[in-house]
Amino acid sequence: MGPIGVFDSGYGGLTILKEIRKILPDYDYLYLGDNARAPYGTRSFDVVYKFTLEAVRALFSRGCELVILACNTASAKALRSIQQKDLPSIDPAKRVLGVIIPTIENLGDISLNGNIGILATPGTVSSGTYDIEIAKFFPKFRTVSKACPMWVPLVENREYDSPGADYFVDKYVGELFDEEPDTDTIVLGCTHYPLLLPKIEKAVAGRARIITQGKLVADSLADYMRRHPEMDAKCTRGASVTYLTTENPDRFAESASVFMQQPVKAEKIQL
């Protein structure tokens, strides 16, 4: 038995963890941010897979039976390989889940015209994962994906509320609507992006509904636990959160406290 592991390349996964804890507050959680090697969004498939597998193994070694990849780039570039190639040899009973499927499976109840915009990192966009998976669920939907390479650095450097962020938010949102003016639903395909939400809402100006991932992933995890009591029984319940980072723990704690809206202490580890 052990905590639920939550992994992200940096701080963005904290937006997922925060929502998960609202719905499943009794469980223990172990969060790992690979801040020393962030961001993942511009890295190759092979590098993202290698880094993500190292993080998953680290969480497994600390007792996690279930790990959530609270990172769209890792979910897009590494999840399937880890599930199919690595878990059978590591431990077939352990599980690794991502954030992309929980985000898109309810789009049919949200979009009115089937025109879906995806705002994500270059790595997630280049993977084509959102386009592929949305086509599986909703074959008649049209998707337009727009890479937003400056958004993660703005968040990681705590510039998400600065006047300079407005330019890059307006730029990418504008490019999305230029390509598909009838977009009625926008998926924020990166867990960092909710910190930019006020500026994104201003740029969208009511033209489309904006979908953030946190609550969707949390609801999906709660449903997963109900459907898999054997995994639920392996997850400890002490309502605790432990934070790990590959960077300076004091710097991580300072920024993570902003995301979590409460004091955070972190431990540095090596992957």
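Everything numeric here is computed off the predicted structure, so don't read it as measured data. (Residues numbered from 1 in each chain as written. Predicted model: local features only at pLDDT ≥ 70, side-chain atom pairs only at ≥ 80, totals over all residues. Heavy atoms only, no water.)

### Quick look at the overall build of the chain
When you go through the chain residue by residue, the secondary structure sums to 13 helices and 10 strands. For the chain, the C-alpha radius of gyration of 18 Å lies close to 18 Å, the compact-globule estimate for 271 residues. Principal-axis analysis of the C-alpha atoms gives the chain an extent of 50 × 40 × 35 Å. Burial status across the chain gives 55% buried among its 271 residues. Restricting the contact set of the chain to residue pairs at least 6 apart, pairs at least 24 apart contribute 78%. (Helix = DSSP H or I, 4+ residues; strand = E, 2+ residues; numbered from the N terminus. Rg over C-alpha atoms; globule rule 2.2 N^0.38 Å. Buried < 20%, exposed > 50% of the residue type's maximum accessible area, 1.4 Å probe, protein only. Contact = heavy atoms within 4.5 Å.)

### Let's talk about the pairing of strand β7 (residues 185–189)
The side chains of a regular strand alternate, first on one face of the sheet and then on the other. Counting buried positions along β7 yields five of five residues, so the element is predominantly enclosed. As paired elements, strand β5 (residues 115–120) and β7 share five bridges and run parallel to each other. Its bridge partner being in β7, leucine 119 is matched across the sheet by leucine 188. Looking at chain direction, β7 and strand β8 (residues 209–211) are connected through three bridges and run parallel. Considered in β8, the bridge of isoleucine 186 is made with isoleucine 210. Once you follow β7 into helix α10 (residues 197–204) and on to β8, the crossover reads as right-handed. (Pairing = 2+ DSSP bridges. Right-handed = clockwise from strand over helix to strand, strands pointing away.)

### Brief notes about α10
Buried within α10 are the following residues: Lys199, Ile200 and Val204. The buried residues of α10 occupy an angular sector of 135° when projected down its axis, which confines them to one face. Turned more than 90 degrees from where α10 packs its buried face, Pro198 and Lys202 sit exposed. On the buried face of α10, the contacting elements are α8 (151–156), α9 (163–179), β7 and β8. (Arc of directions from axis to C-beta.)

### Regarding the pattern of salt bridges
Under the counting rule described, the total for this entry stands at 18 salt bridges. With a shortest N-O distance of 3.9 Å, glutamate 175 and lysine 146 are connected by a salt bridge. With glutamate 175 in helix α9 and lysine 146 in strand β6 (residues 142–147), the pair connects residues that are 29 residues apart, well separated along the chain. Lysine 171 is the partner of glutamate 175 in a salt bridge, and the nearest nitrogen-oxygen pair spans 3.1 Å. Placement of the pair is glutamate 175 and lysine 171 together in helix α9, with a separation of four residues, close to one helical turn. Look at the salt bridges and you will find they share partners, linking Asp34, Arg37, Lys50 and Glu54 into a network. (Salt bridge = Lys/Arg side-chain N within 4 Å of Asp/Glu carboxyl O.)

### Some remarks on the state of the cysteines
Applying the stated criterion to the full structure yields zero disulfides. Of the cysteine sulfurs around cysteine 64, a residue in no disulfide, the closest is that of cysteine 235, at 8.5 Å. Free cysteine: cysteine 71, not disulfide-bonded; nearest cysteine sulfur from cysteine 190 at 7.0 Å. (Disulfide = S-S within 2.5 Å.)

### As for the packing of helix α1 (residues 13–23) against helix α13 (residues 249–260)
Orientation of α1 relative to α13, taken along the N-to-C sense of each, is 45°, at an axis distance of 9 Å. The angle between the axes of α1 and α13 places the two elements in the oblique class. Remark: the crossing between α1 and α13 carries right-handed chirality. On the side of α1, the interface is formed by Leu14, Thr15, Leu17 and Lys18, while α13 contributes Ala256, Phe259 and Met260. Of the residues that constitute the contact of α1 with α13, the class distribution is five nonpolar, one polar and one charged. (Axes fitted to C-alpha atoms, helices over the stretch in contact; angles between N-to-C directions. Parallel < 35°, antiparallel > 145°, perpendicular 65-115°, else oblique. Left-handed = near helix turned anticlockwise from the far one by under 90°. Nonpolar A, V, L, I, M, F, W, Y, C, P; charged D, E, K, R; others polar.)

### Here we look at the nonpolar core
Judged by nonpolar contacts, the single largest core of 53 residues is most densely connected at Leu14, Leu119, Trp151 and Ile200. Apart from the residues within four sequence positions on either side, leucine 14 is in contact with Tyr31, Tyr243, Ala256, Phe259 and Met260. Counting residues in hydrophobic clusters, the runner-up holds 25 residues, among them Leu32, Tyr40, Ala78 and Leu244. (Core = buried A, V, L, I, M, F, W, Y, C linked by side-chain atoms within 4.5 Å.)

### Regarding the packing of aromatic side chains
This model, assessed by the stated rule, comprises 12 aromatic pairs. When the centroid spacing of 6.3 Å and the interplanar angle of 55° are considered together, the rings of tyrosine 31 and tyrosine 243 count as tilted. Of the two residues, tyrosine 31 is situated in strand β2 (residues 29–33) and tyrosine 243 in strand β9 (residues 241–245); the sequence distance between them amounts to 212 residues. Exposure class is identical for tyrosine 31 and tyrosine 243. Each is buried. Seen from their ring centres, tyrosine 167 and phenylalanine 168 are 5.0 Å apart, and the 85° between their planes marks the pair as edge-to-face. Connected via pairs of aromatic rings, a cluster forms that spans Tyr11, Tyr31, Tyr243, Phe252 and Phe259. The residue whose ring lies beneath lysine 94 is phenylalanine 60, and the NZ or CZ to ring-centre distance is 5.0 Å. (Phe/Tyr/Trp six-rings, centres within 6.5 Å; stacked < 30°, edge-to-face > 60°. Lys NZ or Arg CZ within 6 Å of the ring centre and 35° of its normal.)

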